[in-house]
Amino acid sequence: LPPEQRVGFAVVGLGRLTLNQILPALHRSKNARPVALVSGYREKAETVAAQYGIRSDAIYGYDEMQKMADNPEIEAVYIVTPNGLHRDHVLAAAAAGKHVLCEKPMANTSREAQEMIDACQQAGVKLMIAYRCQFDAFNKEAARLVQSGELGRPRIIEATNVQMMGPDGQWRFKAGLAGGGALPDIGLYCLNGVRMMLAENPIEVYAQAVNPTGDPRYAEVEETISFVLRFRSGVIAHCVTSYGAHEGKEMTVRLENGWVKLDNAFAYSGQRLTVAQRKGEAQSLEERKLSAGPQFVLEIEHFADCVRNDRAPRTPGEEGLQDQIFIEAIYRSAQEGRPVTL
Ligand code: NDP
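Everything numeric in this text was worked out from a predicted model, so none of it was measured. The written sequence of each chain sets the order in which its residues are numbered from 1. Only residues with pLDDT of at least 70 are given local features in this predicted model, and only at 80 or more are side-chain atom pairs given and counted; all residues enter the totals for whole chains, interfaces and linings. Only hydrogens and water are removed before side-chain values are computed, so all heavy atoms of the structure are retained for them.

1. Some remarks on the site of the ligand
What counts here: Nearness is defined per residue: one heavy atom within 4 Å of the molecule or strand is enough. Polar contacts here mean pairs of N or O atoms no more than 3.5 Å apart (in protein, one a potential hydrogen donor and the other a potential acceptor; neighbouring residues in sequence count only if both atoms are side-chain atoms). Only the protein chains shown count as cover for residues, with accessible areas throughout obtained via the Shrake-Rupley method and a probe of 1.4 Å. Classification convention: Asp, Glu, Lys, Arg as charged; Ala, Val, Leu, Ile, Met, Phe, Trp, Tyr, Cys, Pro as nonpolar; all other residues, Gly among them, as polar. What fixes the domain bounds is an automatic or database domain assignment.
Around the ligand, the surrounding shell holds 25 residues, and the nearest of these are S39, K44, Y62, N83 and R132. The separation between an oxygen atom of the ligand and a polar side-chain atom of Y62 is 2.6 Å. For the ligand, whose free accessible area comes to 900 Å², the fraction covered by protein is 81%. Tallied by class, the residues present in the shell around the ligand amount to 12 nonpolar, seven polar and six charged. Shared between two domains, the shell around the ligand takes at least three residues from each, and those domains are domain 1 (3-131 + 296-311) and domain 2 (137-292 + 324-341).

2. Quick look at the packing of helix α3 (residues 86-95) against helix α4 (residues 110-123)
Inclusion rule: Fitting a line to C-alpha atoms yields each axis, with helices limited to the stretch in contact; the angle taken between N-to-C directions then spans 0 to 180 degrees. Working definition: helices are DSSP H or I runs of at least four residues, strands are E runs of at least two. Numbering for both runs from the N terminus. With respect to orientation, any angle under 35 degrees is reported as roughly parallel, any angle over 145 as roughly antiparallel, any angle of 65 to 115 as roughly perpendicular, and every other angle as oblique. Throughout, a contact is declared for two residues whenever any of their heavy atoms are within 4.5 Å.
Look at α3 against α4: their axes get within 9 Å of each other, and the N-to-C directions meet at 5°. As judged from the angle between their axes, α3 and α4 are roughly parallel. The residues of α4 that touch α3, namely those facing H86, R87, V90, L91 and A94, are E112, E115, M116, A119, C120 and A123. Taken together, the residues of the contact of α3 with α4 sort by class into seven nonpolar, one polar and three charged.

3. Notes on the layout of surface pockets
What counts is decided by this rule: Put simply, the grid is 1 Å and covers the protein atoms alone, a cavity is a trapped set of points that fit a 1.4 Å probe, a pocket is an open set with protein on both sides within 12 Å along at least five of seven lines, and lining residues have an atom within 4 Å of a point. Grid points are joined across faces, edges and corners, and a volume is the space filled by probe spheres set on the points.
Its volume calculated, the largest pocket comes out at about 1000 Å³. Together, 37 residues line the largest pocket, and R16, L17, W171, R172 and Y268 are the ones closest to its centre. Within the residue set of the lining of the largest pocket, elements represented by two or more residues are α1 (16-28), β7 (154-164), α7 (182-198) and β11 (244-255). The class makeup of the residues in the lining of the largest pocket is 15 nonpolar, 13 polar and nine charged. Counting the residues that make up the lining of the largest pocket, at least three belong to each of domain 1 (3-131 + 296-311) and domain 2 (137-292 + 324-341).

4. Brief notes about the environment of I325
Short version of the rule: Residue exposure (1.4 Å probe, protein chains only): buried if accessible area is under 20% of the type maximum, exposed if over 50%, otherwise partly exposed.
Its location among the elements puts I325 in helix α9 (residues 317-336). Taking the relative accessible area as the measure of exposure, I325 reaches 34% and is therefore partly exposed. C-alpha separation for the pair I325 and R272, spaced 53 residues apart in sequence, amounts to 30 Å.

5. Focus: empty space enclosed by the protein
Under the defined criterion, the tally for this structure stands at one cavity of 30 Å³ or more. Roughly 60 Å³ of internal volume is contained in the largest cavity. Around the largest cavity, the lining residues are Y131, R132, C133, Q134, N139, Y189, N192, G193 and M196. When residues in the lining of the largest cavity are grouped by element, the largest group, four residues, is from α7. Partitioned by chemical class, the residues of the lining of the largest cavity number four nonpolar, four polar and one charged.

6. Section: the environment of A312
With respect to the element layout, A312 can be found in the loop between α8 (295-309) and α9. Judged by its relative accessible area of 67%, A312 is exposed. In this structure, the C-alpha to C-alpha distance between A312 and K126, residues 186 residues apart in sequence, is 7.6 Å. Beyond its immediate chain neighbours, meaning those up to four positions away, A312 contacts H302 and C306.

7. Digging into the environment of G149
Mapped onto the elements, G149 comes out in the loop between α5 (137-148) and β7. Linking G149 and E256, residues 107 residues apart in sequence, is a C-alpha distance of 9.6 Å.

8. Overview of the sheet that holds strand β15 (residues 340-341)
Spelled out, the test is: We treat two strands as partners when DSSP finds at least two bridges between them.
Reading across from one edge, β14-β13-β12-β11-β7-β10-β9-β8-β15 is the order of the nine strands in this open sheet, with mixed pairing throughout. A single partner strand is all that each edge strand has here, and the edge strands are β14 (282-288) and β15. Across the sheet, α5 lies against β7, β11, β12 (258-263), β13 (272-279) and β14, angled at about 165° from β12, the strand it touches most. Contacting β7, β8 (202-210), β9 (224-231), β10 (236-242), β11 and β12, α7 crosses the sheet at an angle of about 155° to β7.

9. Some details on the side chain of E112
Stated precisely, the cut-off is as follows: For the purpose of counting charges, residues Lys and Arg are taken to be positive, whereas Asp and Glu are taken to be negative. His and the chain ends are not included. Any Lys or Arg side-chain nitrogen found within 4 Å of a carboxyl oxygen on Asp or Glu counts as a salt bridge.
Summarising the element assignment, E112 is placed in helix α4. This buried residue, E112, is left without a salt bridge; R87 holds the nearest opposite charge, at 4.3 Å. Excluding its chain neighbours within four sequence positions, the residues that come into contact with E112 are R87 and A107.

Now the structure itself:
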């Protein structure tokens, strides 16, 4: 679309993800463009605005989000603040009459997630949760293959998302702002990824969590959590997520007649898809080469298309709410030391 017809986005929160990924992706998008910023730091926002050709009268503080209602250039708002603030910021954007794209995890609780869905529905605006992997060509091809029956029925999934976290002092270690530790931040990719592979929701979860004693970072949130998801179809998925282990992001789906392995499954790029297929006593191994676009651009272009052409987003608020419900069940299971039925 020519620049003046592109969907104008306000970006809320000028942190790492916004500066390194979201603004560059908005700039590259063919049907979207950044037109406003919301920040607690005016000076930083002025610098960023100048970089992206955003007018300085389109910079707002968090307590001024209602004023976005008077700026017709803003059609959508992208919320990129700490998890515990998503609810308030989504409600403010909806109250200003703007469509909302909200970063993952949707919120701290399923109750907040439901409030966000209700507010957007009442305001008549669209709500999408930014599950970027659902727009990745490799993840989509893996899900297609698993669901196609070509390799028989899926039986087992192993999903891992672990990394080493930095020092204390970040909001990610504060329960109020983060809603939890590794689980809502990066374990969510395992949970949502498994649901995407199967197009099915779990019926039972069983989890174990570790908060290393003596490490102040893990006084409020977990470092490591391992959880098993059981599905009505008989599939068992084992997911592990941690802030305390060297980076690893992979998912393997084991089916009756083969397996599908996604390396770097949850990374921004660098996915590799390997498919094994049973051939009598032997097996064939094949690496599927796909041309994958930049995930943040694809996700933004999808939402802009939904706004421009009145379509329903692929990952609506309800998708986020589902995961919040499962996250709560995972925590309850870890706390009570027994499986939790959904
Ligand atoms: P940062 O800490 O780098 O940035 C968060 C920004 O939010 C801050 O810079 C600040 O912007 C604003 N903010 C407002 N209130 C607060 C507060 N009380 N404490 C801290 N910051 C505040 O976080 P990230 O950019 O890494 O994460 C932001 C969101 O994006 C999270 O929900 C996270 O889960 C998600 N995320 C998603 C990823 C993905 O792959 N989809 C990857 C990384 C993060 P300002 O200074 O302008 O006021």
